[in-house]
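Okay, here's what each chain looks like letter by letter:
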Amino acid sequence: MTAGPANVPPAETAAWFLAQEPAFHEKWMAMALAEARAAAEEGEVPMGCVVVRRTPDGAARPVGRAHNSVEALKDPTAHAEMLAITQAAAATGDWRLTDCALYVTKEPCPMCGGAVVLGRLALAAWAASDPKRGAHTVFGMFSHPGLNHRPAVLPGCGPAAALEELRGFFRARRRRDAAGREALPGSAGTEDEAFGFGKA
C-alpha cells in the first residue's frame, strides 16, 4: 500500500494533472502504449492502460498498469482499464481513487467508463477517441448530470502511434482471414469497423 494525499477532492487532483507540461502526459501515455504492444504480441487487442497517483510531495507514480487480457483470461471484462484500476485500488488500499488519473491508449468503452466513474478517478486521458463506442464521445458518461462523479477528460493525449497500433492490428487480422489462415483470437465479425479503427 502506498501513501498519498488523503481525501483530496477529485477536481483538485484533476486541475493538478491538467496543469502539467505535455511531456508529463506523454511519459505516462508512452507507458500505456508499451502495454498495448505487449497485448498485441499476445494476440490481444492492443490496448494499454496506466493509473497514475499524485503523491504528497507533488510528484506522481504509477499504481496500476495493464493491457487487454480477454483471451488469456477468457474473461470479457479483462480490459486494460479494468485490470489497471483493480491494481490501483489494491496498491492504494482504497477503491476511491480520487488522487489518480487514468491514461489509456483508446477511449474507454462504457464498461470501463463506468469503472472510472465508480472508482472516482480524477482524470481520464486517452490517445485515440472511439467514435463508435466511446464512453465519453458517444455516451457522454464523463459529463452526464445523472452520475455522482464526473472525471475531467484529456482526449487526444499522447502519440498518434496508439491509433496506428490499433489499425495495424486489425489490418493484419483481415489479411490473415482473407488468406484463409487461422484468425487471431477474437477475430469473429468486424470489430475493427465497430471500433472505427480498421481503415487507413
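Now for a look at the structure at hand. Note that this is a predicted model, so its numbers are computed, not measured. (Residues numbered from 1 in each chain as written. Predicted model: local features only at pLDDT ≥ 70, side-chain atom pairs only at ≥ 80, totals over all residues. Heavy atoms only, no water.)

## Comments concerning unusual backbone geometry
Link 1 in the chain: A positive phi angle, close to 50 degrees, is found at Lys 74, a residue other than glycine.
Link 2 in the chain: Position of Lys 74 among the secondary structure elements: in the loop between helix H3 (70–73) and helix H4 (80–92). (Helix = DSSP H or I, 4+ residues; strand = E, 2+ residues; numbered from the N terminus.)

## Details of the environment of Leu 163
Link 1 in the chain: Within the element layout of this structure, Leu 163 appears in helix H6 (residues 161–178).
Link 2 in the chain: Considered as a pair, Leu 163 and Pro 46 are 117 residues apart in the sequence and their alpha carbons are 9.7 Å apart.

## A closer look at the packing of aromatic side chains
Here a ring pair, both rings aromatic, is described through the centre-centre distance and the interplanar angle of the planes.
Link 1 in the chain: Under the definition given, this model contains 5 aromatic pairs.
Link 2 in the chain: Arranged with centres 5.0 Å apart and planes meeting at 85 degrees, the rings of Trp 16 and Phe 17 form a pair that is edge-to-face.
Link 3 in the chain: We classify Trp 16 as buried; its relative accessible area is 15%.
Link 4 in the chain: Ring geometry for Phe 24 against Trp 28: centres 6.1 Å apart, planes inclined by 80 degrees, an arrangement best described as edge-to-face. (Phe/Tyr/Trp six-rings, centres within 6.5 Å; stacked < 30°, edge-to-face > 60°. Buried < 20%, exposed > 50% of the residue type's maximum accessible area, 1.4 Å probe, protein only.)

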